[in-house]
Structure formats: C-alpha cells, structure tokens
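Structural description and commentary
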Amino acid sequence: MTKIELTPAFLIHRRMYQDSSLLLDFFTRNYGKIRLVARGARSNKTSLQMFQRLNISFKGRSELKNLTNWESSDQPRRFLGNDLVLAIYTNELLSRLLPEAEKHQKVFDGYWHYLIMINEQSDAEKEYSLRLFENLLLEELGYGLEFNKDSTGSPIDSELEYQFQEHEGFVAKVDGNIPGEVLLVVNDDDNDRLSVGHLAILKKLNRKRLRSILGERPLKSRELFFAN
Amino acid sequence: MIEKLNKAFCKLPGVGSKSAQRFIYHLLERDRQGGLDLAKALTETMEKVKNCARCRTLSEKTLCSICANNARDSSQLCVVETPTDIHAIEQSGVYSGNYFVLSGYLSPIDGIGAAELGLDELESLLKIEEVSEIILATNATIEGEVTAHYIYNLAKKYQIRTTRIAHGIPLGGELEYTDINTIAHALSGRKSYDIYS
Ligand SMILES: [Zn+2]
C-alpha cells in the first residue's frame, strides 16, 4: 500500500473516467509523472487547476492509485490566447516524453519557472524560454547536446555554419543551416543577442530533435499555433 | 442472451452490472410490453436521429428546428461543445441566434485537434453565411479556453467579431464560498457598474 501525503505536483492532463470520475495525470516533483483517479470529481465544481502548483495526497495498492486530497500552494494563474497555447504545448511535451514514475526534479522546477515567466515576457522572450525548457527536458531525458562543441569535439566557431545530425551532433558544413553564432548564444544563455531569425533556427533545430524521439505521431498542440 | 443485454446496459452512464440486472429482471418479469416498446423506440431513435446539416446538433430532420426557424437571428452564431449545451441555453430564453455544435473540445494530448472537432465545418459555414458575431460558449475549462482561442483566430480571418460568455460568481453565490480561481477570473472580467443602473 502506497500512501503519500501532500507532495508537490502539477496537473498536466485530465480526462473523464467512468461515470463521475476523472483520470488525472500529474507531474510530481518527487515521484515523476503519475496517473491517479479522482472518484466522483466531475461534479466537484471547484475543480483542480492546471498550471498551478499543488500539493496532492494519494494512496492505493494497485497500479492506478486514488487522489485523496489536494490543495493549491500557488497563486491562481490563468493563461489566455497564445500564452495558453504555449502552456498546453509544454503539457503535451511532458505527457508524451516523461516516462511514468521517473523522478525529474530539474524538469519540474524548470516547468514551474517557465509558467511563472510566461505572463511577464515579450513574445520573443517567451519563445526563447520555451526552447530552453525543451533543451532542459531533452537533456534530463538523456538527449542533451553540447552547444559549444561540434561533432569532432572542436569548439563551435561563430564564423562557421553547422548542420544538426541526430547521432553525431553539430557538423560543420559550408551550406549548414545553423550559424555557429546561434549555438554560442544558447551556450552562453545570452538571449539579448538573439534575432527573430535566430529564434526560427532554434525552433527548427528542436523540432528535429523532438521528432526523432517522438516518432511518427507529431505533437498535436502545434496545430494550435496557427494564424500567429 | 441476458448477459449480453447486461453488458449493453452497462455502457450507459451511471449503470453498473447490478442496476443492469435489476432493469432486465424488471422488464422480463413485470413489463414485457414496456421492454418491447423500449427496444422499438431505441432502434427508431438510433436509426433516425442524425446530425443537423448546418449546426450539427442532434436532429430527426436534415435541418434541426432551430436552423429551420427563419425567425432566429442568423447574424449571431453561438458555438457550444455539446447538444446538451444548446438545451441549457435555450432554456434560459435570452438567446435567439443560431448555434454550432463542436464534437467536444480541443485536447491535443488525446489527439483531438481542429479537424476532429469539426472546426473545418465551422469554417465552411463562416464562408457562406453572413455571421456578424460569434459567441464563444465553450466551457470555462482549460480545454474550453483553448477551443475558444482557436475559434477566435478563425473568426479573425473572416473579420467576424467574437465575444465570450462571462464566467464568474454564480448568482446567489457568496464570495466566501467561491474558490479562488473563480474569484480571480471574475475580478479580471469585471464590468463597469453603471451598465446595471
Ligand atoms: Zn441545426
């Protein structure tokens, strides 16, 4: 019998379960991604909120445990418009990429930080923050990249161009699509030097990295970014 | 045979194997005619009720009674998540425009995107009809908000004004007993007081 009391968590997905219950996916700080049942929760109007840091309690013997208690340990955070799309996208990333019940505290902390920042950033900053979160997630899952070295181990040259190869890393190429300068900006975490064009390059890079891990089924939230 | 029927009943919301057993024995032992009538009505309904060709709500005819009603204001289009939502709004009696029913809400993690929701059909409708206002009546859930945002972008493409139904403290409700998220939402969506006087 597992019994956990008030542990930090974010709700990342919910769906109907049987008649009056909900099936909830939480990203907990100490136990990783877990799925719980909230019995009779559908009629409960003060429903659990996403994007808000919670403390949850759960127990059970079987694989599917019950949510027994929860409280908010955060301020209400409401996203609208494109901010909401960004937040939904990160939840899909977590949902698709995090393995069940594997602790990833750095990702948890990074996710919270990201959510707090969304409301305060400019559009370009938001986009860069999302790239950093993707980088963090990929790194924690074992797909990290060194942004200051090329595939042969030589330092990235700001004057050269590179191409990203899945198993090798950054390969210097005359007609490469990634300027070394962009990689160094990410390495130094100096986003003041980033242009809109640079952001587009980083987006493409991460899309390629994610695609090789996600496989054939693309991220559905991307559809929501339309018309922007 | 009984077992098969039991399983069929269990598919209904709120019905478990025990209640199914009770229904079946009741019909078999006390009300055979009622059972036959139920079977007939069920078959007929399942075969004949389709989706309205325009708004996609459930309807026996090609066009539902609301879409077929010329007295309704066709410049207003209220977008809801389910046919039951139409029923709820109609009961309030304050709306006289048309509707469009989605097949639920956008839920990317479950693989439900724009096409799965019928948003393409909504777009075709916006192309041919003269809609001047879209009222977003999706639920005040995260998924409902995402859906609303998507439709807002769609409407912008056709230069159609969008409004969102207001959410907040329920009528007769007291602040003390309202959850903080609802209060935050209600505060950020506050209105000028003089509209009430
Ligand atoms: Zn109709």
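Residues numbered from 1 in each chain as written. Chains lettered and ligands numbered in written order. Predicted model: local features only at pLDDT ≥ 70, side-chain atom pairs only at ≥ 80, totals over all residues.

We now examine the overall build of chain B. Of the regular secondary structure elements, chain B holds eight helices and six strands. Reading the helices (α) and strands (β) of chain B from amino to carboxyl end gives α-α-α-β-β-β-α-β-α-α-β-α-β-α. On C-alpha atoms alone, chain B measures out to a radius of gyration of 21 Å, which is more than a quarter above the 16 Å that the 2.2 N^0.38 rule sets for 197 residues. Projected onto its principal axes, the C-alpha positions of chain B cover 65 × 50 × 40 Å. Here chain B holds 197 residues, and 22% of them are scored as buried. Restricting the contact set of chain B to residue pairs at least 6 apart, pairs at least 24 apart contribute 46%. (Helix = DSSP H or I, 4+ residues; strand = E, 2+ residues; numbered from the N terminus. Rg over C-alpha atoms; globule rule 2.2 N^0.38 Å. Buried ≥ 20, exposed ≤ 12 C-beta atoms within 10 Å, placed from the backbone. Contact = placed C-beta atoms within 7 Å.)

The next thing to look at is helix α3 (residues 32–48) of chain B. Structurally, the α-helix is built with 3.6 residues per turn, so residues lying three or four positions apart point the same way. Counted at 1.5 Å a residue, the expected span for α3 of chain B with its 17 residues is 24 Å, and the 24 Å between its end C-alpha atoms agrees. When you tally the buried positions in α3 of chain B, you get zero out of 17 residues, a small fraction of the element. (Expected span 1.5 Å × (residues − 1).)

Another aspect to go through is the interface of chain B and chain A. Residue-level contacts link 22 residues of chain B with 22 residues of chain A. Secondary structure elements with two or more residues in the side of chain B that touches chain A: α7 (142–157) and α8 (180–188) of chain B. Among the elements that take part in the side of chain B that touches chain A, α7 of chain B stands out by supplying eight residues, more than any other.

All names here are of chain A. Tracing the sequence through the fold places Arg 29 in the loop between β2 (21–28) and β3 (32–38). Using a count of 19 C-beta atoms within 10 Å as the deciding quantity, one classes Arg 29 as partly exposed. For the pair Arg 29 and Met 117, spaced 88 residues apart in the sequence, the C-alpha separation amounts to 19 Å. Once residues within four sequence positions are removed from consideration, Arg 29 is found in contact with Thr 7, Pro 8, Ala 9, Gln 105 and Phe 108.

We now examine helix α1 (residues 81–97) of chain A. All names here are of chain A. The terminal C-alpha atoms of α1, which comprises 17 residues, lie 25 Å apart, in line with the 24 Å expected from a rise of 1.5 Å per residue. Counting buried residues in α1 gives 12 out of 17 residues, a clear majority hidden from the surface. Among the residues making up α1, those that are buried are Leu 84, Val 85, Leu 86, Ala 87, Ile 88, Tyr 89, Thr 90, Asn 91, Glu 92, Leu 93, Leu 94 and Leu 97.

Residue and element names in this part refer to chain A. Strand order around the closed barrel formed by five strands is β1-β2-β3-β5-β4, with mixed pairing between neighbours. For this sheet, the mean angle separating the axes of adjacent strands, direction not counted, is 50 degrees. Two elements, strand β1 (residues 2–17) and strand β4 (residues 54–60), share six bridges in a ladder whose sense is antiparallel. Residue pairing in the sheet places Thr 2 in a bridge with Gly 60 of β4. Most of the contacts of α1 go to β1, to which it runs at about 110 degrees, and overall it touches β1, β2 and β3. (Pairing = 2+ DSSP bridges. Axes fitted to C-alpha atoms, helices over the stretch in contact; angles between N-to-C directions.)

A few words now on the sheet that holds strand β6 (residues 161–164) of chain B. By definition, the strands of a sheet pair up through backbone hydrogen bonds, in either a parallel or an antiparallel sense. Residues and elements named next belong to chain B. On the basis of which strands lie adjacent, the open sheet formed by four strands has the order β4-β3-β5-β6 and parallel pairing. Looking at the sheet topology across the chains shown, the edges are occupied by β4 (97–101) and β6. When the angles between neighbouring strand axes are averaged without regard to direction, this sheet yields 25 degrees. Pairing of strand β3 (residues 73–80) with β4 involves five bridges; the strand directions are parallel.

The subject of this paragraph is the domain arrangement of chain A. All names here are of chain A. Per the domain assignment, the segments making up chain A are domain 1 (2–72) and domain 2 (81–225). Look at where the C-alpha atoms of domain 1 and domain 2 centre, and you get two points 29 Å apart. Counting only elements with at least two residues in the side of domain 1 that touches domain 2, the list comes to β1, β2 and β3. Broken down by class, the residue content of the side of domain 1 that touches domain 2 amounts to seven nonpolar, three polar and four charged. (Domains from an automatic or database assignment. Nonpolar A, V, L, I, M, F, W, Y, C, P; charged D, E, K, R; others polar.)

Within the fold, Ser 195 of chain A resides in the loop between α4 (180–188) and α5 (196–214). Along the primary structure Ser 195 of chain A and Ala 124 of chain A are separated by 71 residues, whereas in three dimensions their C-alpha atoms are 8.7 Å apart.

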